[in-house]
Amino acid sequence: MDKERVIDVNGLGASFDDTVVLSDVNFSAYKGDITVVLGASGSGKSTVLNHLLGLIPVEKGFISVLGKDISNITEAEQLNLYLQMGVFYQSGALLNSMTVGENIALPLKQHSNLPDSLIEEIVYMKLGLVNLQHAFHLFPSQLSGGMLKRAALARAIVMDPPLLFCDEPGAGLDPISLASLDELIINLQKQLGISVLMVTHEVTSIMRIADRIVYLENGVVAFEGSLKKALESDIDSVKHFFSVINEADRFK
Amino acid sequence: MDNSNSKERYIAPEKDFIYRFQNNTLYLSKSLLLPQTIWLTKKIPREIRSFKVKSVILNLDELQDIDSAGVMALYHLKDKLKKAGISARIEGGSQSILEKIELFSPGHLPVYEIPIKAGFLERTGDAVSRFFTDFVFGFITLAADVFYWSVADLFRSRSRRAGEVSNQAVLIGVNASLIVIFMSFVIGLVIALQSSGQLRNFGANIYIVDLTVISMMSQMGPLITAILVAGRSGSSIAAEIATMKVTAELNALKTMGLNPIRFVVVPKLYACLLTMPFLIILANVFGILGGGVAAYIYLDITPEIFFNRMGTVMQNKDLITAFVKSQVYASLIVLTGSFFGFRVLRGAEGVGKVTTTAVVVAISLVILADSILGLLFY
């Protein structure tokens, strides 16, 4: 593959107490792609994501994010790396004590010395990209589930990060909101040229947006490749995972 | 043509970003990303104004990269120059730069009007009205509900959660006994200690017993206990109910046909009403004991003298007063904790907020009730 790698995971292992969660995880994500990490509950998806986000230190193996070796990184380098990545949490993780506008402005206020008026304009523009300008002065508790996700997406992209991590963005959304969120992520990925690494269970979502699939099973990567190859895969667990779509086809 | 056409300036502020002003044109080169936008908001507008030009072209032909902050900063610069009487227009730029400008341009986004904030009088009126409708009326309504269900539940014990009242009694009463014992002992000791010097001056040493017994039985014992229970259990009741509301457990109870007040609040009220008198007895006993220790050490009053005098000082009225106070304080603490717990609005932050408010209000109400009851039983 000629594409530039934005994430490289080699021989990643992790265990909590005596339980081995990841034994030997190897995969890569490429620039401009939407890479979906999937697998059954307990397969180690969240542990992989938390390692990539620098929330769990790498004890075994090697991880490179945007060309930076995070298995051996200083605090200042990690902070610099955080500025180049956006994270979209499952719950939205907006700060409840702040309005949506203040939530989105927070990284800009903390990491730039731009005047407040310009920051406000940038926040309005970003809210416009996710069709949520009317929520600027609202508090997160006043938003619906779908709106909360879109606000969280606006915050994740406010610094124009080249890399976006999404942790089960579709969880708890109805199919229509989920489809519109997927469309939004695809549009933003195309327009902004960002690379996306997403952890999700939603098969319909995966079918819509995935360029590449990384399938985790019992702490190892059982499959890595394009979505097309994943659908044609002979691996039982992968076949079983995608068989849900065929189940749905029965009713057509 | 403007006279300033001849003015020309080349500036290389940093390795990633260069700008130069030439023939009424501002040429921006290399990258215009978030770290570089500060040049467009401060230094560049100042410099352009100093050239005394009427119009300026913002040329992007040499620009290689731009992000959303860069685009917004360009428009910000245009607006700033316009306000200074200088018209500006954006010109040139590669395909990718133009695409980014098109994407991030504020022009095609819907304009949202910021809502007008209410004035001082409107806000004050609103706050007063909300105080009466939400707080006073809400508290009375909750008290009526709790009273109804606490009476009704007495006759329907089969549908009550088995062991819940005793469980709550342990949490509210038994677990609080050590701190009540310690605090009342220390306070009894200190009251007697502080007074002993004055009493000795008048040769009225024996009155230390009257002072300690009356103050502990009718005032300090119930009050110390109520403040400790309000701080300990009032906060935990508010936090528990608020968390249940935030995590939709209260909705789940309702949709299962269970009344949250009956299911959650009534057992706590029973437990608090039951344990509070015992806690007050503990506070009184150990408070008087503390006073006795101080009397023995500083005024040479032996335990026998102290005990004999105590028998003449104590009145049945003090016991009745303490019991009535225990029931009033217990009700206030549980009602206040529940009231604020049910009022929680926003997630984790809201839980913290209502818990703090519940404790402050419960302690204030207890002190207020203490004054009223003190006057009634004087």
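Residues numbered from 1 in each chain as written. Chains lettered and ligands numbered in written order. Predicted model: local features only at pLDDT ≥ 70, side-chain atom pairs only at ≥ 80, totals over all residues. Heavy atoms only, no water.

Novice: I'd love a proper account of the layout of surface pockets, names of residues and values included.
Specialist: Approximately 610 Å³ is the volume found for the largest pocket. Lining the largest pocket are 22 residues, with Met159, Asp160 and Pro162 of chain A together with Leu33 and Asp67 of chain B positioned closest to its centre. Going through the elements one at a time, strand 5 (63-66) and helix 4 (95-104) of chain B are the ones with two or more residues in the lining of the largest pocket. By residue class, the composition of the lining of the largest pocket is eleven nonpolar, six polar and five charged. (1 Å grid on protein atoms, 1.4 Å probe; cavity = no way out; pocket = protein on both sides within 12 Å on 5 of 7 lines; lining within 4 Å. Points joined across faces, edges and corners; volume = space filled by probe spheres on them. Helix = DSSP H or I, 4+ residues; strand = E, 2+ residues; numbered from the N terminus. Nonpolar A, V, L, I, M, F, W, Y, C, P; charged D, E, K, R; others polar.)

Novice: Tell me about the nonpolar core, residues and numbers included.
Specialist: Counting residues in each nonpolar core, the largest one holds 89 residues, and the members touching the most others are Ile213 and Phe242 of chain A together with Leu28 and Ile44 of chain B. Ranked by residues supplied to this core, first place goes to helix 4 (residues 116-129) of chain A with eight residues. Contact partners of leucine 28 of chain B, with chain neighbours within four places excluded, come to Phe17, Ile18, Tyr19, Ile44, Asn59, Leu60, Glu62, Leu63 and Leu74 of chain B. With 50 residues, the next largest nonpolar core counts Ala226, Val264, Val344 and Ala369 of chain B among its residues. (Core = buried A, V, L, I, M, F, W, Y, C linked by side-chain atoms within 4.5 Å. Buried < 20%, exposed > 50% of the residue type's maximum accessible area, 1.4 Å probe, protein only. Contact = heavy atoms within 4.5 Å.)

Novice: Break down the packing of aromatic side chains for me, citing the residues and quoting the values.
Specialist: Residues and elements named next belong to chain B. The tally for this structure, following the rule as stated, stands at 13 aromatic pairs over all chains. Relative to phenylalanine 339, the ring of phenylalanine 135 lies with its centre 6.0 Å away and its plane at 65°, an arrangement referred to as edge-to-face. Residue phenylalanine 135 is found in helix 5 (residues 120-152), and its partner phenylalanine 339 is found in helix 12 (residues 316-342); the two are separated by 204 residues along the sequence. Taking the relative accessible area as the measure of exposure, phenylalanine 135 reaches 29% and is therefore partly exposed. Ring pairing ties together the aromatic residues Phe131, Phe132, Phe135, Phe139, Phe339 and Phe340, which thus form one cluster. Positioned over the ring face of phenylalanine 135 is arginine 343, at 4.4 Å from the centre of the ring. (Phe/Tyr/Trp six-rings, centres within 6.5 Å; stacked < 30°, edge-to-face > 60°. Lys NZ or Arg CZ within 6 Å of the ring centre and 35° of its normal.)

Novice: Can you tell me about the interface of chain B and chain A, naming the residues and giving the values?
Specialist: Each side of the interface is counted separately: chain B has 23 residues, and chain A has 27 residues. Interface area for chain B against chain A, summed over the two sides, is near 2200 Å², with a carbon-plus-sulfur share of 69%. Inspection of the chain B/chain A interface yields zero salt bridges. Seen at the junction of chain B and chain A, the total is two residue pairs in polar contact (both at pLDDT 80 or more). Put simply, the parts of the chain that give the side of chain B that touches chain A at least two residues each are helix 1 (37-41), helix 3 (68-83), helix 4 and helix 13 (347-376) of chain B. The biggest single contributor to the side of chain B that touches chain A is helix 3 of chain B, with five residues. Tallied by class, the residues present in the side of chain B that touches chain A amount to 13 nonpolar, five polar and five charged. (Buried area = accessible area lost by both parts, 1.4 Å probe. Salt bridge = Lys/Arg side-chain N within 4 Å of Asp/Glu carboxyl O. Polar contact = N/O pair within 3.5 Å; in protein donor to acceptor, adjacent residues only side chain to side chain.)

Novice: Mind laying out helix 6 (residues 175-192) of chain A, listing which residues take part and the relevant values?
Specialist: Note that an α-helix has 3.6 residues per turn; residues three or four places apart therefore point the same way. Residue and element names in this part refer to chain A. Over its 18 residues, helix 6 extends 25 Å from the first C-alpha to the last, a length consistent with the 26 Å expected when each residue adds 1.5 Å. Among all positions of helix 6, only Leu178, Leu181, Asp182, Leu184, Ile185, Ile186, Leu188, Gln189 and Leu192 are buried. Two or three places before isoleucine 176, at the start of helix 6, stands the capping residue aspartate 174, its side-chain oxygen 3.0 Å from that residue's backbone nitrogen. Glycine 193 occupies a position one or two residues after helix 6 and carries a positive phi of about 70°. (Expected span 1.5 Å × (residues − 1).)

Novice: Give a detailed account of the pattern of salt bridges, specifying residues and quantitative values.
Specialist: Per the stated rule, a full pass over the model turns up 16 salt bridges over all chains. Residues lysine 126 of chain A and aspartate 160 of chain A are paired through a salt bridge, measuring 2.4 Å at the closest nitrogen-oxygen approach. Note that lysine 126 of chain A is positioned in helix 4 and aspartate 160 of chain A in the loop between helix 5 (145-156) and strand 7 (163-167), a separation of 34 residues in sequence. By the burial criterion, lysine 126 of chain A is buried, and aspartate 160 of chain A matches it. As a salt-bridge pair, aspartate 210 of chain B and arginine 309 of chain B come within 2.8 Å of each other at their nearest N and O atoms. On the criterion of sequence distance, the pair formed by aspartate 210 of chain B in helix 8 (residues 207-246) and arginine 309 of chain B in helix 11 (residues 303-313) is long-range, its members being 99 residues apart. The class for aspartate 210 of chain B is buried, based on a relative accessible area of 16%. Take arginine 309 of chain B: its relative accessible area is 25%, and that puts it in the partly exposed class.

Novice: Report on the domain arrangement of chain B, specifying residues and quantitative values.
Specialist: The assigned domain composition of chain B is domain 1 (3-108) and domain 2 (144-376). Taking the mean C-alpha position of each, domain 1 of chain B and domain 2 of chain B sit 69 Å from one another. (Domains from an automatic or database assignment.)

Novice: Can you break down the domain arrangement of chain A residue by residue, with the values?
Specialist: Residue and element names in this part refer to chain A. Under the domain assignment, chain A is made up of domain 1 (1-84 + 162-252) and domain 2 (92-160). Taking only C-alpha atoms, the centre of domain 1 and the centre of domain 2 are 25 Å apart. Between domain 1 and domain 2, the residue contacts involve 14 residues of the former and twelve residues of the latter. Together domain 1 and domain 2 conceal approximately 1100 Å² of surface at their shared face, both sides included; 79% is due to carbon and sulfur atoms. Area buried by domain 1 at its contact with domain 2 is led by Leu83, Leu184 and Leu188, which between them contribute 42% of it. At the boundary of domain 1 and domain 2, one finds zero salt bridges. Summed over the shared surface of domain 1 and domain 2, the result is two residue pairs in polar contact (both at pLDDT 80 or more). Taken together, the residues that form the side of domain 1 that touches domain 2 break down as 13 nonpolar, no polar and one charged.

Novice: Please set out the packing of helix 3 (residues 100-111) of chain A against helix 4 of chain A residue by residue, giving values where relevant.
Specialist: Residues and elements named next belong to chain A. Two elements in contact, helix 3 and helix 4, have axes separated by 9 Å at closest approach and are oriented at 120°. On the basis of their axis angle, the class for helix 3 and helix 4 is oblique. As helix 3 runs across helix 4, the sense of the crossing is right-handed. Side by side, helix 3 and helix 4 meet where Val100, Gly101, Ile104, Ala105, Leu108 and Lys109 of the first sit next to Asp116, Ile119, Ile122, Val123 and Leu127 of the second. (Axes fitted to C-alpha atoms, helices over the stretch in contact; angles between N-to-C directions. Parallel < 35°, antiparallel > 145°, perpendicular 65-115°, else oblique. Left-handed = near helix turned anticlockwise from the far one by under 90°.)

Novice: Explain the environment of leucine 12 of chain A to me, using residue names and the numbers behind them.
Specialist: Residue and element names in this part refer to chain A. Residue placement: leucine 12 occurs in strand 1 (residues 5-16). Expressed as a C-alpha distance, the spacing of leucine 12 and alanine 151, which sit 139 residues apart in the sequence, is 33 Å. Beyond its immediate sequence surroundings of up to four residues, leucine 12 is in contact with Leu22, Ser23, Asp24, Val25, His51, Val58, Lys60, Gly61 and Ile63.

Novice: Help me get a handle on the packing of helix 12 of chain B against helix 13 of chain B, residues and values and all.
Specialist: Residue and element names in this part refer to chain B. Put simply, helix 12 and helix 13 touch, their axes get as near as 9 Å, and they point 155° apart. By the criterion of interaxial angle, the relationship of helix 12 to helix 13 is roughly antiparallel. Considering only the axes of helix 12 and helix 13, their crossing is right-handed. Contacts from Val324, Lys325, Val328, Tyr329, Leu332, Ile333, Thr336, Gly337 and Phe340 in helix 12 reach Val354, Thr357, Ala358, Val361, Ala362, Leu365, Val366, Ala369, Asp370 and Leu373 in helix 13. Here the residues of the contact of helix 12 with helix 13 are counted per class, giving 14 nonpolar, three polar and two charged.

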